[in-house]
Amino acid sequence: MQRKAKLWSQAGQQRLRELVLKPWAGCRREDLLGLLAMLNQQIGKLDAAVQKAAEEHPQAKLLMTQPGVGPNTALGFVLTIGDVSRFARGKQIASYLGLIPREESSGGRQKLGAISKRCNRMLRSFLGERAHIAVRVDPG
């Protein structure tokens, strides 16, 4: 049975439970599904705590009004950046996060390289994922 990401939906897990397996394989399946349920419960508690903290922080709450920005991204951004008034322009924030590409310019020729790897990797991945969502919601 190949369901890829759909396997982890409620319907996919139900189909997995209905799948006929040998006794030991069935026992292992139930053990792993129980472990998954326990982890989902723990993650749910952490998600609720992050949601509460993000709603209590005014800057994070403002960021969550943007399409695709949830409490994890908003709170991570606010806690990483701190007070945004210390940056004069958005380009300085991007540079602080290591999101400005390396540039080699000479004699009217401009060559842009890769972005720096010296940044907060978690925030960089959050922002990259949210950029894809924002483009999907509003192509303009």
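Conventions we followed
- Residue positions within a chain follow its written sequence, with the count starting from 1.
- Reporting of local features is limited, given that this is a predicted model, to residues whose pLDDT is at least 70; pairs of side-chain atoms are given and counted only at 80 or more, and all residues count toward the totals for whole chains, interfaces and linings.
- The basis for the side-chain values is all heavy atoms of the structure; hydrogens and waters are excluded.
- For helices the rule is a DSSP run of H or I covering at least 4 residues; for strands it is a run of E covering at least 2, with both sets numbered from the N terminus onward.
- Working definition: with a 1.4 Å probe on protein chains only, accessible area under 20% of the residue-type maximum means buried, over 50% means exposed, and in between means partly exposed.
- Residue contacts are defined here by distance: any two heavy atoms, one from each residue, within 4.5 Å place the two residues in contact.
- Axis definition: a line fitted to C-alpha atoms, limited for helices to the stretch in contact. Angles are taken between N-to-C directions and run from 0 to 180 degrees.
- Oblique is the label for any angle not under 35 degrees, not over 145, and not in the 65 to 115 range, which are roughly parallel, roughly antiparallel and roughly perpendicular in turn.
- In this scheme, a crossing is called left-handed if the near helix is turned counterclockwise away from the far one by less than a right angle; it is called right-handed if the turn is clockwise.
- All amino acids are sorted into three groups, where Ala, Val, Leu, Ile, Met, Phe, Trp, Tyr, Cys and Pro are nonpolar, Asp, Glu, Lys and Arg are charged, and the leftover types, Gly among them, are polar.
- Working definition of a nonpolar core: buried Ala, Val, Leu, Ile, Met, Phe, Trp, Tyr and Cys residues. They are joined through side-chain atoms within 4.5 Å.

Along the chain, Arg130 turns up in helix 6 (residues 121-137). With a relative accessible area of 19%, Arg130 lands in the buried category. Residues within four places of Arg130 in sequence aside, it is in contact with Gly68, Val69 and Thr73.

Right, let's talk about helix 4 (residues 71-81) for a bit. What helix 4 keeps buried is the set Thr73, Ala74, Leu75, Gly76, Phe77, Val78 and Ile81. The first or second residue beyond helix 4 is Gly82, which carries a positive phi of 80°.

Running from N to C, helix 4 and helix 6 cross one another at 135°; their axes reach a closest spacing of 10 Å. By the angle between their axes, helix 4 is oblique relative to helix 6. Of the two elements, helix 4 crosses helix 6, and the hand of that crossing is left-handed. Residues Asn72, Thr73, Gly76, Phe77 and Thr80 of helix 4 form the contact with helix 6, whose participating residues are Leu123, Phe126, Leu127 and Arg130. Within the contact of helix 4 with helix 6, the residues separate by chemical class into four nonpolar, four polar and one charged.

Attention now goes to the packing of helix 2 (residues 23-56) against helix 4. Their axes nearest at 9 Å, the elements helix 2 and helix 4 cross at an angle of 55°. Between helix 2 and helix 4, the angle is such that the two are oblique. Helix-helix and strand crossings are classified by hand; for helix 2 and helix 4 the assignment is left-handed. Contact residues: Asp47, Val50, Gln51, Ala53 and Ala54 in helix 2; Pro71, Asn72 and Leu75 in helix 4. Of the residues contributing to the contact of helix 2 with helix 4, the split by class is five nonpolar, two polar and one charged.

This paragraph deals with the nonpolar core. In terms of nonpolar packing, the biggest core is built from seven residues, these being Ala54, Ala60, Met64, Val69, Ala74, Leu75 and Val78. Apart from residues no more than four positions distant in its own chain, Val78 is found in contact with His57, Gln59, Ala60 and Leu63. Among the nonpolar cores identified, the runner-up in size contains six residues, and Phe77, Ile81, Phe87 and Ile93 belong to it.

Here we take up unusual backbone geometry. Although it is not a glycine, Lys4 adopts a positive phi angle of roughly 50°. Examined against the element boundaries, Lys4 turns out to sit in the segment before helix 1 (10-18). Judged by its relative accessible area of 72%, Lys4 falls in the exposed class.

With respect to the helices and strands, the residue Arg29 is situated in helix 2. A relative accessible area of 14% places Arg29 in the buried class. Ignoring any residue separated from it by four or fewer positions in sequence, one finds Arg29 in contact with Leu16, Arg17, Leu19 and Leu21.

The values are spatial; any link to function lies outside them.
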